[in-house]
Every structure is written in C-alpha cells, then in structure tokens.
Amino acid sequence: MKSFFDLKHLRGDIFGGITAGIVALPLALAFGVSSGLGPMAGLYGAIFIGFFAALFGGTNTQISGPTGPIAIVMASVLIQFADQPVVAFMVVVLAGLIQLCFGALRMGRYINLIPYPVTSGFACAVGCIIITMQINPLLGHASVTDTLTAARSVPDSLAALNPVTLGIGIECLVACQWLPKQLRQIVPVHFSVLIAATVITVISGIEVPRITAPDTLWPTLQLTPLTALPWADMWLGALVLALISSLDSLVTAMSADNATQQFHDSDRELRGQGLGNIVSGFFGALPGSGSTFRTMANIRGGGRTPLSGVIHALCLLILLLTAGSFIRFIPASVLSGILIYIGLGIIDWSYIRKFPRAPRFGVLTMLIVWSLGLFVNVVTAVAIGVVMASLAFVKKMADLQL
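Note that the structure is predicted; figures quoted are calculated from it, not measured.

What follows deals with the overall build of the protein. Looking only at helices and strands, the protein has 20 helices and two strands in total. The globule rule puts the C-alpha radius of gyration for 402 residues at 21 Å, and the 21 Å found for the protein is close to it. Along the first, second and third principal axes, the C-alpha set of the protein runs to 75 × 55 × 50 Å. Going through the 402 residues of the protein one by one, you find that 53% of them count as buried. Long-range pairs, those at least 24 residues apart, make up 84% of the contacts in the protein with a sequence separation of at least 6. For the protein, the exposed area adds up to about 17800 Å²; of that, 69% sits on carbon and sulfur atoms.

Pasting the structure below:
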C-alpha cells in the first residue's frame, strides 16, 4: 500500500531526496547535452518526471529522471524530426499517453517480458553511441548528434585536437572510475567530479570550450495543432520510448522492493511515469524513467516514502533557479568524461562474456539489435529485435505443440 507521507520517515525522506537531487544534477545535465536538447531540457526532465512519477506512481522510493537509453532514443527522434522540433516533443507526449494506456490496461506485469537479448543489444548500442558522440567534445570540438557523422569526423578532430580538453576529459573519466570508496560514500561521484573540475578550470583560468549558456532558465510550452502533426510517423518512436521508459521503471521498482522490503504497484507506476513524460513533452523537456542509480542513492540516504521523490525534484528546481546561471562555466569535456564513464557502464559486458555459452539465436538477436542501433537508429533496432524475438517464441511454441 503506497503511503505518501509518514512522520517517522520524514528525516530520512529529506536526506534521501536531497542526496538523490545531488546525484541527479550532473546526470540530468549530461543526458540533456547528449540528447541534443541541451542541459536545461535534461534538468527540467528530471524535475517534471521526478515530481509527477513520485506523486502519482506506484513505488514508494523510486526516483525518476532522464537516463542514457532514453536520451539516445530521444536523439533519434530529434534527428527524424529535425525540421519540426515541436513534433519531437509531441512524440514524448504520445509516449506518455501510451504509458497511461499500459497502466489502465494493467499491462505492467507483461512489460518485463521483453526478451533479454533485445534489451542487452539495445543497452550495448546506447553505450557505444554515448561514447562515440562524446569523442569530438573530448578532443575540443563541437558535438555531433548523428553517430555516423561523429565517427567520420574523428580523424579530423584528432588532427586538430585540443590537448587541454583531452586531458581534462580523461582525468574526469579516471576520477569517476577510481575515486576512493570512502569519498564516494560522502559525495556522489558524478557530482564531485563535475564541481571539482569546473572550479579548478575557472580558478586556474584555463580556456576551454564550455556548455552553451541557456537563453532563459524557464521552460517553454510546446503546443501545435493536433491536425498538423504527422501521426503516422510519430507512433514507432513514441512506442519505443514508452517501452524503454516502462521497462527501466519497472526493473528499478523491483530493485527498490528488494532494497526496502516493500512492494510496488506496476500499473500505477506506469501511469505515474506516463504523466511525468506528458508534462515533460509539453514543456520541451527530456523524457525519462525510473533510475536505479538515483533510487539507490535515495534509499541509502534514508528515503522511504514518495515524499523523498518530491523533495528530489524540488531540490533540483531550487538549484536550477539559484545557480542555473553557473551552467555556462562547466567545460564541455568534463561532461564528456562523465558520459564516457556512464556509456562504458551501460554496455552489457556480462552478457558479452557469456557469448560462448549463450543460445545462438539469442546472441544473433543481440548482435543485430546492437548493429542496427549503432548504424541505423535505436528505434528501428528495438522494433526489429522485438519482432525477431516474437517469431522465435512462436517457432518454439509450434515445436512444442508438434
């Protein structure tokens, strides 16, 4: 039974929410940049989804916001509708509506049945895309939203690399990987690396490319006539966004259950996530889902009720409104180092190591989804992966029947 507020957990909820907010800040900035929407879209995505998913969702301790897979899917949607950015945000709204339908139809228990090779191939593609897209900023050049273009431009970027930005990015990557465990328990690793690297570059007067300052700290309402939308072109991207967001959220909800010995409501969680994504889409923010990293930070901080998720969102909003103008001081290569670290963590190394013993068709499906995600787009990759897995399931059932 979901309890929004419990006085005996108030102290833990406050500390858990603030801790999750500190963890979410650099991640929201990084995923906003990697999606092509910019840092403000990532921050407002974390605020809207974190608030509404906590308020209306079905998991007491879940913290929601933009994630790596969601950012890359959104980047593909932006490329598809490059000449109609408002349509891209309407795809997010449509994805949220699909999630509301999932919850209303009580499909929460079935979302987790997406075959593992498909999710593994998708994760590997997302990790590789994040790494590839951060090579140019790491070398001191402008980022590119298209993976193939980013890969083709690497030789030219290497020929004119900026050794300072490269050094800063590598140092941030190494710091994320090797920061002492004692320090990680005090300050979240991404936040400490972001703040330390920014302060050092500003104090030392190092001239490096920095994040583009936003024109305004307030989101802009995205509205367009429904009859003007290309609905036929929007459905596939919206469906993939809804599936990835729902799967991430429900997997995180199960992890939260194991950590707190509580039980979540899958269908209510889908409705909460859907509502958060609808609001994010209308305000031009990045969509999102439940985040295991943020949720575990909340639980370790003492969060036990949805109030911690609301506090996390309010903490981000306060930080944005009071310190948002300092975003322009963050070096682009610092976020590149952090994103490369995140990308390496997203790749499913455990399944790759099991290739020699894993079922052949599962490995083939995973490699096809991985390749399509890298060289075509992740939306098409997931759609084809699900179709392949469905055909394999039908064949297996036919063989059993025979």
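To continue, consider the side chain of Ser 192. Position of Ser 192 relative to the elements: it lies in helix H12 (residues 189–204). Separated by 2.9 Å, the side chain of Ser 192 and the backbone oxygen of Val 189 make a polar contact. Once residues within four sequence positions are removed from consideration, Ser 192 is found in contact with Leu 179 and Val 187.

Closest axis-to-axis distance for the helix H3 (residues 68–80)/helix H4 (residues 85–104) pair is 8 Å, and the angle between their directions is 135°. The orientation of H3 relative to H4 falls into the category oblique. With respect to the hand of their crossing, H3 and H4 are arranged in right-handed fashion. Where H3 approaches H4, its residues Met 74, Val 77 and Leu 78 are matched on the opposing element by Ala 88, Phe 89, Val 91 and Val 92. For the contact of H3 with H4, a count of residues per class yields seven nonpolar, no polar and no charged.

Now for the packing of aromatic side chains. Across all of its chains, the model carries seven aromatic pairs by this definition. Ring centres of Phe 51 and Phe 52 lie 5.2 Å apart, and the angle between their planes is 80°; on these two criteria the pair is classed as edge-to-face. Relative to Tyr 351, the ring of Tyr 116 has its centre 5.4 Å away and its plane inclined at 70°; by these criteria the two rings are edge-to-face. Here the residue Tyr 116 occupies a position in helix H6 (residues 116–133), and Tyr 351 occupies one in helix H18 (residues 349–353), the gap between them amounting to 235 residues. You can call Tyr 351 buried: its relative accessible area is 9%. Through pairs of rings, three or more aromatic residues link up here, namely Tyr 44, Phe 48 and Phe 283.

So, about the packing of helix H13 (residues 231–260) against helix H14 (residues 266–282). For the pair H13 and H14, interaxial distance at closest approach is 10 Å and the crossing angle is 130°. As judged from the angle between their axes, H13 and H14 are oblique. Judged by the twist between their axes, the crossing of H13 over H14 is right-handed. In contact with Ser 245, Ser 246, Ser 249 and Leu 250 of H13, H14 contributes Ser 266, Glu 269, Leu 270, Gln 273 and Asn 277. Looking at the contact of H13 with H14 residue by residue, the classes come out as two nonpolar, six polar and one charged.

Counting residues in each nonpolar core, the largest one holds 93 residues, and the members touching the most others are Leu 43, Met 74, Phe 122, Met 234 and Leu 241. The leading source of residues in this core is H4, at 11 residues. Residues contacting Leu 241, with those up to four places away along its chain left out, are Ile 70, Val 73, Met 74, Val 91, Val 92, Ala 95 and Pro 287.

What follows deals with the pattern of salt bridges. Evaluation of the coordinates by the stated rule reveals two salt bridges. A salt bridge links Arg 106 to Asp 267; its shortest N-O distance comes to 3.8 Å. With Arg 106 in the loop between H4 and helix H5 (108–111) and Asp 267 in helix H14, this residue pair connects regions lying 161 residues apart in the sequence. What makes Asp 267 buried here is its relative accessible area of 7%. Linking Asp 399 and Lys 395 is a salt bridge whose minimum nitrogen-to-oxygen distance equals 3.0 Å. Pair noted here: Asp 399 and Lys 395 are both in helix H20 (residues 378–401), with a separation of four residues, about one helical turn. Given the relative accessible area of 44%, Asp 399 is considered partly exposed.

On to the side chain of Asn 277, then. Following the sequence through the fold, Asn 277 ends up in helix H14. Sequence-distant contacts of Asn 277, defined by excluding residues within four places in its chain, comprise Ile 49, Val 92, Gly 96, Gln 99, Ser 245, Pro 287 and Gly 288.

Bringing H13 into the picture now. For H13, spanning 30 residues, the distance from its first C-alpha to its last is 42 Å, which sits close to the expected 44 Å at 1.5 Å a residue. One or two steps after H13, the chain reaches Gln 261, where phi turns positive at roughly 60°.

Residues Phe 393, Val 394, Met 397 and Leu 400 make up a contiguous nonpolar surface patch of about 420 Å² in total accessible area. Secondary-structure assignment places Phe 393 in helix H20. The class of Phe 393 is exposed, set by a relative accessible area of 51%.

Turning to helix H15 (residues 292–301), a few remarks are in order. Turning to H15, its buried residues are Arg 294, Thr 295, Met 296, Ala 297, Asn 298 and Ile 299. Along its buried surface, H15 packs onto helix H1 (10–35), strand S1 (64–65), H13 and helix H16 (307–323). Among the residues trailing H15, Gly 302 stands out with phi positive, at a value near 110°.

Scoring rules and cut-offs
- Residues numbered from 1 in each chain as written.
- Predicted model: local features only at pLDDT ≥ 70, side-chain atom pairs only at ≥ 80, totals over all residues.
- Heavy atoms only, no water.
- Helix = DSSP H or I, 4+ residues; strand = E, 2+ residues; numbered from the N terminus.
- Rg over C-alpha atoms; globule rule 2.2 N^0.38 Å.
- Buried < 20%, exposed > 50% of the residue type's maximum accessible area, 1.4 Å probe, protein only.
- Contact = heavy atoms within 4.5 Å.
- Areas by Shrake-Rupley, 256 points an atom, 1.4 Å probe, with all protein chains shown as cover.
- Polar contact = N/O pair within 3.5 Å; in protein donor to acceptor, adjacent residues only side chain to side chain.
- Axes fitted to C-alpha atoms, helices over the stretch in contact; angles between N-to-C directions.
- Parallel < 35°, antiparallel > 145°, perpendicular 65-115°, else oblique.
- Left-handed = near helix turned anticlockwise from the far one by under 90°.
- Nonpolar A, V, L, I, M, F, W, Y, C, P; charged D, E, K, R; others polar.
- Phe/Tyr/Trp six-rings, centres within 6.5 Å; stacked < 30°, edge-to-face > 60°.
- Core = buried A, V, L, I, M, F, W, Y, C linked by side-chain atoms within 4.5 Å.
- Salt bridge = Lys/Arg side-chain N within 4 Å of Asp/Glu carboxyl O.
- Expected span 1.5 Å × (residues − 1).
- Patch = residues over 30% accessible without salt bridge, like charges linked within 9 Å, V, L, I, M, F, W, Y side chains within 5 Å.

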